[in-house]
Amino acid sequence: MGSRVELFEQIRRDHDREGLSIRALAERHGVHRRTVRQALASPLPPARKRPAGRPAPALGPYRALIDGWLIADRKVSRKQRHTARRMWRRLVDEYGAQVAERTVREYVAARRRELGEPRDVFVPQVHQPGMEAEVDWGEAQVVLAGRPITVQLFYLRACFSGAAFCMAFRRCTQQAFLEGHVEAFAWFDGVFALVRYDNLGSAVKLVLRGRRREQTDRFIALRSHYLFDSAFTLVGLQGAHEKGGVEGEVGRFRRNHLVPVPEVADLGELNALIRAGCEADLQRTIVGRGENVGEALERERPLLRPLPTEPFDTAEPSTVRVDSKALVTVRQNRYSVPVALAGRKVLAWVGAREITIVADGRVVARHDRLAERFAVSARLDHYLELLARKPGALAGSLALHQERERGAWPDCFDELWRAIAAKVGASEAARQMVDVLMLVREHGPERVERAVRGALAAGAHDGRAVAVLANRADRRPAAPLDGLHPRLAAAERPAPELGDYDQLLDRGGQR
């Protein structure tokens with residue numbers, strides 16, 4: 001059966017061509033004569049009338065109760081007010097009402113309008129190029145080094161072009177917040193005049209009346225370095241609409257570029273994947289615009305404030321003491337330093353992704369920042385001088401355990417260790433393995449690993465053989481005579497023989 005408009009058309013045609021009466025037209029098309037009169041009066045059917053004010057007898061006894069809930073809700077936070085579904089559940093569970101959820105929804109919506117509750121209505125905005133950007137945080141699930149974890153996504157979006165920069169961090173720390181800005185401004189190749197935020201703790205120490213905020217010193221220093229202005233939204237759900245351009249963008253980026261869940265070796269590989277997603281998004285076109293995001297960004301970039309000569313240093317200094325295990329405690333985690341620094345105070349630079357330890361003006365240790373609490377990061381190289389005196393501690397050391405977990409301990413090292421132990425005993429084998437590890441400082445891990453494999457292939461199960469092979473790589477091979485000067489090549493002589501010396505000895509014997 002066609003639409004009602006097509007029915008009206010056919011009735012009008014039959015009446016015009018055949019002059020059929022209303023009764024005949026009604027019988028031909030199987031409709032009421034009232035419908036025929038409507039078709040002859042207008043080619044468009046009249047709008048259907050909505051039933052007005054059905055009595056809903058099942059809801060009748062509970063209308064006053066619902067009204068009371070709506071009035072009481074005005075005195076509590078918006079986040080903890082009744083929804084229509086919650087009201088229906090309470091009516092069914094607490095009062096035994098036999099009423100449909102839809103009936104309750106319709107009544108609640110009508111009463112809210114009558115009570116004058118304001119609806120969310122927004123004013124369309126126009127953004128000038130280079131003027132505004134918005135910042136938000138989100139989460140994503142990834143498999144990092146074989147372990148499923150949740151990472152935090154820093155997201156900065158340009159209001160005019162819609163271009164956005166995203167970066168992953170293990171935790172949403174202030175250093176991550178600052179570092180995200182530094183990397184974002186470098187990616188945009190400029191600084192926006194105004195950046196809009198939620199009331200996040202990395203930037204705001206205290207929310208005052210209205211829009212006044214007491215901001216953190218580190219955020220003020222970042223803003224002063226790049227010379228941009230900041231604005232903060234109102235507290236609560238109402239404030240989210242004040243930076244509506246970035247709301248939901250993290251979810252869109254996650255669905256488009258992090259599905260399926262990525263499996264990466266480290267955070268650097270993950271951020272390379274995310275950076276590729278940011279570049280790919282430049283080709284998309286936002287609904288209602290005549291150019292894609294990349295084209296709009298090309299028009300916006302020349303209007304951004306130029307970057308300062310040097311990027312902002314996001315690391316925060318902290319003076320810490322080295323304990324008796326050559327560990328320093330930074331942000332509830334411990335990191336190793338060379339054993340010679342035990343008992344001394346050193347300077348730790350706390351970054352979002354890296355912890356750098358400085359002593360006597362030089363860097364003595366670098367560690368990836370730990371995301372957990374009360375964890376330890378140990379490097380085997382920091383303990384070699386101590387292990388040279390106590391080689392028996394090598395096998396059970398935390399540093400060796402973590403080297404194996406990181407994949408930095410080749411299998412051939414264990415093979416050599418077992419072979420030496422079978423030959424000279426466990427204590428001497430541990431001492432020789434410490435000597436092999438000392439070679440890594442001089443020659444690097446790749447060359448020492450090749451030397452160990454060479455010693456194993458030759459059946460030379462000895463740390464000294466590894467040292468010989470590692471040092472041999474430094475020697476240059478002798479140049480062939482063909483490459484020498486022609487006059488030197490002409491002076492080539494055969495190798496000497498000892499026969500003439502034997503004749504002299506014979507003569508001496510005759511005397």
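Here the structure is shown first, and the text comes after it.
Residues numbered from 1 in each chain as written. Predicted model: local features only at pLDDT ≥ 70, side-chain atom pairs only at ≥ 80, totals over all residues. Heavy atoms only, no water.

Caption draft 1: Up close: the overall build of the chain. In terms of helices and strands, the chain carries 20 helices and 15 strands. Looking at the chain residue by residue over its 511 residues, the buried ones come to 39%. In the chain, 58% of the contacts between residues at least 6 apart in sequence involve partners at least 24 apart. Accessible surface, the chain as shown: approximately 31100 Å² in total, 51% of it carbon and sulfur. (Helix = DSSP H or I, 4+ residues; strand = E, 2+ residues; numbered from the N terminus. Buried < 20%, exposed > 50% of the residue type's maximum accessible area, 1.4 Å probe, protein only. Contact = heavy atoms within 4.5 Å. Areas by Shrake-Rupley, 256 points an atom, 1.4 Å probe, with all protein chains shown as cover.)

Caption draft 2: Structural context of helix 8 (residues 217–226). Every buried residue belonging to helix 8 is among Phe219, Leu222, Arg223 and Tyr226, and all of these are buried. Seen end-on, helix 8 carries its buried residues on one side only, within an arc spanning 95°. Count one or two residues on from helix 8 and you reach Leu227, which has phi positive near 60°. (Arc of directions from axis to C-beta.)

Caption draft 3: Broad picture of the pairing of strand 2 (residues 147–158). Burial analysis of strand 2 places nine of its 12 residues in the buried class, which makes it a mostly covered element. As paired strands, strand 1 (residues 132–144) and strand 2 are joined by 12 bridges and run antiparallel to one another. When the bridges of strand 2 are listed, Ala133 appears paired with Ala158. Counting the residues that bridge the hairpin from strand 1 to strand 2 gives two residues, and of these Ala145 lies at a positive phi of roughly 55°. Hairpin connection from strand 2 to strand 3 (residues 164–169): five residues lie between these consecutive antiparallel strands, with Gly162 at a positive phi of about 85°. (Pairing = 2+ DSSP bridges.)

Caption draft 4: Highlighting the sheet that holds strand 9 (residues 316–321). In space, the four strands of this open sheet follow the order 9-12-13-14, with antiparallel pairing throughout. A strand with exactly one partner marks an edge of an open sheet, and here the two such strands are strand 9 and strand 14 (362–368). Along the sheet, successive strands turn relative to each other by an average axial angle of 25°, direction set aside. By the bridge criterion, six bridges tie strand 13 (residues 354–359) to strand 14 in an arrangement that is antiparallel. Bridging from a neighbouring strand, Val358 pairs with Val363 of strand 14. (Axes fitted to C-alpha atoms, helices over the stretch in contact; angles between N-to-C directions.)

Caption draft 5: Quick look at the sheet that holds strand 10 (residues 327–330). Read across the open sheet, the three strands follow the order 10-11-15; overall the sheet is mixed. Each of the sheet's edge strands pairs with one partner strand only, and the pair in question is strand 10 and strand 15 (376–377).

Caption draft 6: Region of the structure containing the nonpolar core. By size, the foremost hydrophobic cluster in this structure holds 56 residues, and its most contacted members are Phe177 and Phe188. Per-element accounting of this core gives the leading share, eight residues, to helix 7 (residues 174–188). The residues touching Phe177, leaving out its near neighbours within four places in the chain, are Val135, Trp137, Phe154, Tyr197, Leu200, Ser202, Ala203 and Phe219. In terms of nonpolar packing, the next biggest core, distinct from the first, is built from 31 residues, Phe413, Met433, Ala451 and Ala470 among them. (Core = buried A, V, L, I, M, F, W, Y, C linked by side-chain atoms within 4.5 Å.)

Caption draft 7: Highlighting the environment of Phe188. Relative to the assigned elements, Phe188 resides in helix 7. A residue is classified by how much of its surface remains accessible, and Phe188, at 0% relative accessible area, is buried. Sequence separation between Phe188 and Arg301 is 113 residues, and the spatial gap between their C-alpha atoms is 7.1 Å. The contact partners of Phe188, leaving out residues within four places of it in the chain, are Leu156, Ala158, Ala163, Ala164, Phe165, Leu297, Arg301 and Leu304.

Caption draft 8: The arrangement of the state of the cysteines in detail. Evaluated as defined, the whole model comprises zero disulfides. Counting only cysteine sulfurs, Cys278 is the nearest neighbor of Cys166, a cysteine outside any disulfide, at a range of 5.6 Å. (Disulfide = S-S within 2.5 Å.)

Caption draft 9: Just the side chain of Asp462, in detail. Turning to its location among the elements, Asp462 is positioned in the loop between helix 17 (445–457) and helix 18 (463–472). At a separation of 2.7 Å, a polar atom in the side chain of Asp462 contacts the main-chain amide nitrogen of Arg464. Excluding its chain neighbours within four sequence positions, the residues that come into contact with Asp462 are Leu416, Ile420 and Gln432. (Polar contact = N/O pair within 3.5 Å; in protein donor to acceptor, adjacent residues only side chain to side chain.)

Caption draft 10: Local environment of the pattern of salt bridges. A complete count under the given rule lists 33 salt bridges for this structure. Between Arg147 and Glu372 there is a salt bridge, with its nearest N and O atoms 3.8 Å apart. Of this pair, Arg147 sits in strand 2 while Glu372 is found in the loop between strand 14 and strand 15, placing the two residues 225 residues apart along the sequence. According to the relative accessible area criterion, Glu372 is partly exposed, its value standing at 32%. Measuring nitrogen to oxygen at the nearest pair gives 3.5 Å for the salt bridge that ties Asp323 to Arg334. One end of the pair, Asp323, is in the loop between strand 9 and strand 10; the other, Arg334, is in strand 11 (residues 333–336), with 11 residues separating them in the sequence. For Arg334, a relative accessible area of 30% corresponds to the partly exposed category. Connected through shared salt-bridge partners, Arg157, Glu249, Arg252, Asp281 and Arg284 make up one network. (Salt bridge = Lys/Arg side-chain N within 4 Å of Asp/Glu carboxyl O.)

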